[in-house]
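# Breakdown of the fold
If you want the building blocks of each chain, they are given just below.
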Amino acid sequence: MNRLLLGLLLCLSFWSHTTLASLLAIDYGTDWIKASLMSPGVPFDVLLNRDSKRKIQSSVGWKKEDRLFGSDAFNIAGRYPTDTFSALKYLHGAPFDSPTVSFYTSLSTADLAKTSRGTVAARRSDGSEWSVEELIAMQLGYVRDLAESAVNGEKVTDVILTVPPYFTQHERDAVIDAVEIAGMRTLALVHDGSSVAINYAMTRTFSDVPEHHIIYDAGASAIRATIASFSSVDSKSKNAGTSINIAGVGFERQVGGNELDRRLREILIKDFARKHKQDVRSDKRALAKLWKEANRVKTILSANADAVASVESLTNDIDYRSKPIFDALANADMTLDNITSVILTGGSSRTPMVQAAVTAAVGKARIAQNVNADEASVLGAALHGAGLSRQFKTKDIRLTDIGPYDIQVSYIAEAKNENSKPRTINTLVFPAGSKAGSRKTLTFKRKDDFNVKLTYRSPPVPGYPSDILEAEIKGIPEALKNLTDLGAVDPVVKATVVLSESGFVSVQDPVAFGEIKDDSLSGKLKGLFGGSGSSSEETTADKETLARSESSSVPSSSQEPSATPEKKPAKKDNTIPLELKINLASVPPMSVAEKRAARDRLIAIDRLEAAKHAREEARNSLEGYLYRVRDLLEDGASDSPFVKCSQEKERQAMQKKLQEGFAWLSEHGDDASTKDFIEQRSALEVMEKPIIHRYQEIEEFPKALNTSQMWNWSTRLFITEAKANLTASQDSDIPPRYTKEEIESLEKTLKEHERWMNEMVEKQKSVEMNEDPILESSVLREKVKPLETQLQKLLKKKAPRIPKKSGTASSTTAASSGTGGSKSGGGSSSPSSSSSSSSSSQGHDEL
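Predicted model, so just to flag it, every value in this text is computed and none were measured.

Counting secondary structure elements, the protein contains 24 helices and 28 strands. Within the span of the protein, comprising 847 residues, buried residues form 46% of the whole. Counted over contacts in the protein with a minimum sequence separation of 6, partners at least 24 positions apart contribute 72%. When the accessible surface of the protein is totalled, it reaches about 43400 Å², and 51% of it is carbon and sulfur.

As a further point, take unusual backbone geometry. In the Ramachandran plot, Lys64 falls in the positive-phi region, its phi being about 60 degrees despite a non-glycine side chain. Note that Lys64 resides in the loop between strand S5 (59-63) and strand S6 (66-69). A positive phi angle is found at Asp490, which is not glycine, with a value near 50 degrees. One can find Asp490 in strand S25 (residues 488-499). Taking relative accessible area as the criterion, Asp490 reaches 40% and is therefore assigned partly exposed.

Charged atoms that come close allow side chains of opposite charge to pair. Summed over the entire model, instances satisfying the criterion amount to 45 salt bridges. With a closest N to O distance of 2.6 Å, Arg274 and Asp271 form a salt bridge. In this pair, Arg274 and Asp271 both sit in helix H7 (residues 257-276), three residues apart, roughly one turn of the helix. Arg274 sits in the exposed class, given a relative accessible area of 55%. Here Asp772 ties to Arg694 by a salt bridge, and the two come within 2.9 Å at their closest N and O atoms. Note that Asp772 is positioned in the loop between helix H20 (740-765) and helix H21 (777-783) and Arg694 in helix H19 (residues 674-730), a separation of 78 residues in sequence.

Attention shifts here to the sheet that holds strand S21 (residues 424-430). Spatial strand order, S21-S20-S23-S24-S28: five strands in an open sheet with antiparallel pairing. Of all the strands in the sheet, the pair left with one neighbour each is S21 and strand S28 (579-584). Sheet twist, expressed as the mean angle between neighbouring strand axes with direction ignored, is 25 degrees. Inspection of the sheet shows strand S23 (residues 450-456) paired to strand S24 (residues 467-474) by six bridges, in the antiparallel sense. Paired with Thr455 across the two strands is Asp467, which belongs to S24. Across the sheet, helix H5 (residues 169-181) is in contact with S23 and S24; its angle to S24 comes to roughly 90 degrees.

Taking every second residue as pointing to the same face, the buried face of S6 carries Arg67 and Phe69, while none of Asp66 and Leu68 on the other face is buried. Summarising the sheet, S5 and S6 pair through four bridges and their orientation is antiparallel. By the bridge assignment for S6, Trp62 is matched with Arg67. Where S5 folds back on S6, the antiparallel hairpin that results is connected by two residues, among which Lys64 adopts a positive phi of roughly 60 degrees.

The topology assignment puts Lys34 in strand S3 (residues 32-38). If we ignore the near neighbours within four places in the chain, the residues touching Lys34 are Ala25, Ile26, Asp27, Arg54, Lys55, Asp374 and Val378.

Now for the nonpolar core. Ranked by internal contacts, the top residues of the largest apolar core, which has 93 residues, are Leu24, Ile26, Leu91, Leu135, Leu140 and Leu454. Examining the composition of this core, we find that 10 residues originate from one element, helix H4 (residues 132-150), more than from any other. In contact with Leu454, not counting residues within four places along its chain, are Ile407, Gln408, Val409, Asp467, Ile468, Leu469, Val497, Val505, Ser506 and Val507. Counting residues in each nonpolar core, the second largest holds 35 residues, with Ala188, Ala201, Phe206 and Val378 among its members.

The axes of two packed helices give the description: the angle between them and the distance between them. One can describe the packing of helix H3 (residues 99-107) onto H7 by two numbers: an axis separation of 10 Å at closest approach and a directional angle of 50 degrees. Classified by the interaxial angle, the pair formed by H3 and H7 is oblique. Every pair of crossing elements has a handedness; the one defined by H3 and H7 is left-handed. Residues Phe103, Ser106 and Leu107 of H3 form the contact with H7, whose own contacting residues are Asn258, Glu259, Arg262 and Arg265. For the contact of H3 with H7, the per-class residue count stands at two nonpolar, two polar and three charged.

Do not read the predicted coordinates in detail wherever pLDDT is low. Per-residue confidence for the protein gives a mean pLDDT of 83; residues scoring 70 or more make up 83%. pLDDT under 50 marks residues 531-572. Its contacts with residues more than four places away, or in other chains, come to 61 contacts. pLDDT under 50 marks residues 808-847. Its contacts with residues more than four places away, or in other chains, come to nine contacts.

Moving on, we come to helix H22 (residues 785-795). Taken together, the buried positions of H22 are Leu787, Leu791 and Leu794. Taken down its axis, H22 places every buried residue within 60 degrees of arc, on the same side. The exposed residues of H22 that point more than 90 degrees off its buried face are Thr789 and Lys793. In this structure, the buried side of H22 is in contact with H19 and H20.

Next up on the list: the sheet that holds strand S9 (residues 120-123). Two pairing modes exist for strands in a sheet, parallel and antiparallel, and in both the strands are linked by backbone hydrogen bonds. If you trace the three strands from one edge of the open sheet to the other, you get S8-S9-S10, paired in antiparallel fashion. Each of the sheet's edge strands pairs with one partner strand only, and the pair in question is strand S8 (111-114) and strand S10 (129-131). Within the sheet, the average angular offset between the axes of one strand and its neighbour, ignoring direction, is 40 degrees. Relative to S10, S9 is paired through three bridges, and the arrangement is antiparallel. Pairing of Ala122 across the sheet is with Trp130, part of S10.

Residue pairs three or four apart in sequence face the same way in an α-helix, which turns once every 3.6 residues. In this model H5 runs 18 Å from its N-terminal to its C-terminal C-alpha over 13 residues, within 8% of the 18 Å that 1.5 Å per residue would give. For H5, the complete set of buried residues consists of Gln169, His170, Glu171, Arg172, Asp173, Ala174, Val175, Ile176, Asp177, Ala178, Val179 and Ile181. Gly183, located one to two residues past H5, shows a positive phi value of around 85 degrees.

What follows covers the packing of helix H16 (residues 592-635) against H19. For the pair H16 and H19, the least separation of the axes is 9 Å and the interaxial angle reads 25 degrees. The angle between H16 and H19 places the two elements in the roughly parallel class. Between H16 and H19 the crossing geometry is left-handed. Residues Ala611, Ala614, Arg615, Ala618, Arg619, Ser621, Leu622, Tyr625, Leu626, Arg628, Val629 and Leu632 of H16 lie in contact with H19, whose contacting residues are Thr674, Phe677, Ile678, Gln680, Arg681, Leu684, Glu685 and Glu688.

The next subject is the pairing of S23. For S23, the buried fraction is high: five of the seven residues fall into the buried class. With four bridges connecting them, strand S20 (residues 407-412) and S23 associate as antiparallel partners. The residue bridging Gln408 from the neighbouring strand is Thr455, located in S23.

This part covers the packing of aromatic side chains. Tallied over the entire structure, the rule returns 18 aromatic pairs. Here Tyr627 and Phe662 contribute two aromatic rings whose centre-to-centre distance is 5.1 Å and whose plane-to-plane angle is 65 degrees, an arrangement assigned as edge-to-face. Here Tyr627, found in helix H16, pairs with Phe662, found in helix H18 (residues 648-668); they are 35 residues apart in sequence, far enough to count as distant. The exposure class of Tyr627 is partly exposed, given its relative accessible area of 36%. Each member of the aromatic cluster is reached from another via a ring pair, and the members are Tyr166, Phe167, Phe251, Tyr405 and Tyr456. The residue whose ring lies beneath Lys55 is Trp32, and the NZ or CZ to ring-centre distance is 4.5 Å.

Calculation criteria
Residues numbered from 1 in each chain as written. Predicted model: local features only at pLDDT ≥ 70, side-chain atom pairs only at ≥ 80, totals over all residues. Heavy atoms only, no water. Helix = DSSP H or I, 4+ residues; strand = E, 2+ residues; numbered from the N terminus. Buried < 20%, exposed > 50% of the residue type's maximum accessible area, 1.4 Å probe, protein only. Contact = heavy atoms within 4.5 Å. Areas by Shrake-Rupley, 256 points an atom, 1.4 Å probe, with all protein chains shown as cover. Salt bridge = Lys/Arg side-chain N within 4 Å of Asp/Glu carboxyl O. Pairing = 2+ DSSP bridges. Axes fitted to C-alpha atoms, helices over the stretch in contact; angles between N-to-C directions. Core = buried A, V, L, I, M, F, W, Y, C linked by side-chain atoms within 4.5 Å. Parallel < 35°, antiparallel > 145°, perpendicular 65-115°, else oblique. Left-handed = near helix turned anticlockwise from the far one by under 90°. Nonpolar A, V, L, I, M, F, W, Y, C, P; charged D, E, K, R; others polar. pLDDT = per-residue confidence, 0-100. Arc of directions from axis to C-beta. Expected span 1.5 Å × (residues − 1). Phe/Tyr/Trp six-rings, centres within 6.5 Å; stacked < 30°, edge-to-face > 60°. Lys NZ or Arg CZ within 6 Å of the ring centre and 35° of its normal.

Structure representation (structure tokens):
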């Protein structure tokens with residue numbers, strides 16, 4: 001119902017098809033991928049896979065040399081455990097030595113390897129290694145191919161992806177890298193809870209008073225809670241929109257459906273060992289099969305209310321209630337009394353055990369299941385992307401998201417003397433809960449070049465690095481000297497720190513800045529009356545903040561550098577840009593060269609597979625064609641169309657060629673190229689083509705002949721009526737519609753066509769069914785075209801205008817004037833006549 005209502009209310013109004021690009025939204029989950037395509041002329045809905053399913057298994061694998069995706073890949077894990085890779089979302093940007101990778105190895109049978117960047121790659125049975133980014137890029141490319149098929153081959157390059165709010169910058173970098181390796185461009189990243197909020201708001205209206213909802217997302221790998229506040233924007237306007245402010249988030253990274261699967265598999269392993277006295281943990285095929293069985297058992301137990309207790313006994317130490325929900329409430333500075341409802345989403349939210357746990361925590365009255373648990377996130381992401389692209393008109397929904405971690409700036413304090421010990425100054429710039437899209441300008445009183453580090457205040461995930469990036473700011477001494485020479489007083493260094501809408505932090509626009517003293521009379525008057533300007537106030541405030549920050553190496557929240565609005569002074573003399581060099585974190589994203597090499601590697605495998613598929617199609621096409629021709633030849637019924645339209649010698653020649661084709665296929669089929677298969681089929685098709693043509697002519701000739709006869713009859717009927725019209729017009733003052741010449745020309749064309757057609761039809765009557773036709777249907781249609789064109793031209797000819805007769809008064813006036821003119825003599829005849837004509841014309845116009 002939500003999809004239907006959404007389709008009715010969305011009202012996407014598209015501009016020109018030629019100016020719009022398609023937008024692909026992808027919700028890449030641990031177990032499932034959902035996608036949605038925004039494109040002109042395509043209904044807004046979830047993208048279907050090749051089996052018309054609404055979601056795709058998050059798996060890629062190889063069956064020997066054949067690469068498979070989705071359920072096809074997941075289902076071969078039992079036979080090819082080291083060539084099938086699922087649940088790769090765990091490994092986004094994960095350090096190889098982290099506990100996350102250890103946990104993944106407890107779930108998966110894949111062989112993992114360490115990359116040169118310290119991240120994770122998977123090793124196939126043939127020894128080849130693929131980074132996690134490459135494997136995910138393959139899946140994204142598969143989804144892109146599905147989208148391009150939906151828009152008839154149109155290229156799809158722009159994509160928006162959902163990510164969990166707890167993803168660090170390293171994990172977000174890995175997502176972007178995978179998109180670029182797949183040959184696409186990231187429009188934005190959006191938190192999955194926020195995208196569900198957008199989907200929820202799309203079909204609802206809100207008042208000016210905010211209402212708060214918890215979006216509880218129980219997924220395969222984690223559980224997260226997002227508090228979203230909904231209110232109306234411009235409620236009194238016809239174009240009223242909705243404001244969504246994310247107030248807080250809470251999450252548990254390794255508590256989800258897969259953890260329950262893992263525990264169920266452990267029970268199955270122990271049960272097998274008890275019965276058969278054998279530990280199967282070293283058998284990867286057995287582990288892969290038991291993983292699939294554990295998932296099946298969980299589904300059955302979850303759906304059976306009587307068996308819920310059996311499932312809960314596995315999870316006594318897992319708190320599905322307090323941590324995510326109450327962490328989110330604490331971050332938002334709210335209580336359950338502020339919450340209108342708890343919206344359940346995510347595949348695991350259907351589990352009775354999870355629902356019971358959440359209900360016990362928040363109360364049954366607050367539980368809401370009014371969004372599609374599987375599809376709300378991807379549909380909301382698509383709507384968000386459509387709004388960002390500005391190519392589509394959607395409901396005005398304004399999202400304000402937040403960052404989940406404390407992010408600080410660290411730098412070494414400038415030494416006051418040679419014997420001073422180095423001091424590290426840590427300044428919290430973006431506390432947890434800071435709004436995405438925030439910008440803060442930091443002011444440093446420095447004389448020499450220095451480095452600034454952006455780090456998480458505490459490790460965001462066990463085993464993950466805290467450092468994000470390091471910015472080298474250079475050229476400071478020269479810039480300060482130039483400002484001092486210009487008259488600047490106490491110049492400083494400024495840099496802007498940005499938290500982007502997609503959750504990335506960066507350092508931008510470092511400058512040297514100084515207030516230049518104005519010794520002129522006007523400048524002194526400005527100083528006397530407080531006309532120093534806003535930039536002076538900003539600098540003073542920053543100096544005070546800096547002094548407080550440098551007094552302690554572990555600042556409190558009050559020691560944060562103040563955020564100042566970005567202002568562009570009219571004169572740039574007091575600002576000098578500085579050199580900025582960014583050094584990446586200890587777990588860096590892929591370099592441009594690495595991404596280009598990975599992209600080339602994927603293109604190469606895509607081309608090989610495309611060539612292989614083309615060869616297989618050519619072989620299958622030849623084999624199917626040979627069997628079809630064999631059935632035609634072996635049928636032998638005298639009344640079959642093939643026998644009727646073929647000659648004995650033709651069938652014998654085809655039989656010989658057919659036997660040669662089967663022999664060639666048996667001997668060379670495994671080694672032949674695509675071109676060879678096509679040539680073998682073409683050789684037999686050339687022999688069959690005349691027979692097919694005869695049969696087709698037997699069907700088409702009567703239709704073409706009937707059409708020609710119809711035009712002959714219509715033309716003769718037209719000529720009869722046209723001649724009658726011509727005779728009638730000669731007896732009256734009305735001009736004829738068609739001239740005598742036009743009628744005679746048409747009649748000539750008709751007689752020539754009838755003569756030719758009668759002659760050729762007679763000849764065709766003597767042709768047997770198994771002989772090539774003398775008169776073909778295409779020739780009949782071509783020959784009648786001149787007659788058709790000439791007749792249509794005359795039918796479209798407009799009737800001539802009938803001249804209006806002059807009134808009695810005008811005629812009398814004209815006659816009277818003429819008489820008077822003749823009496824007045826020859827010299828005045830012409831003027832009198834001219835005058836009467838003018839008078840007559842004037843009177844006619846008045847009438």
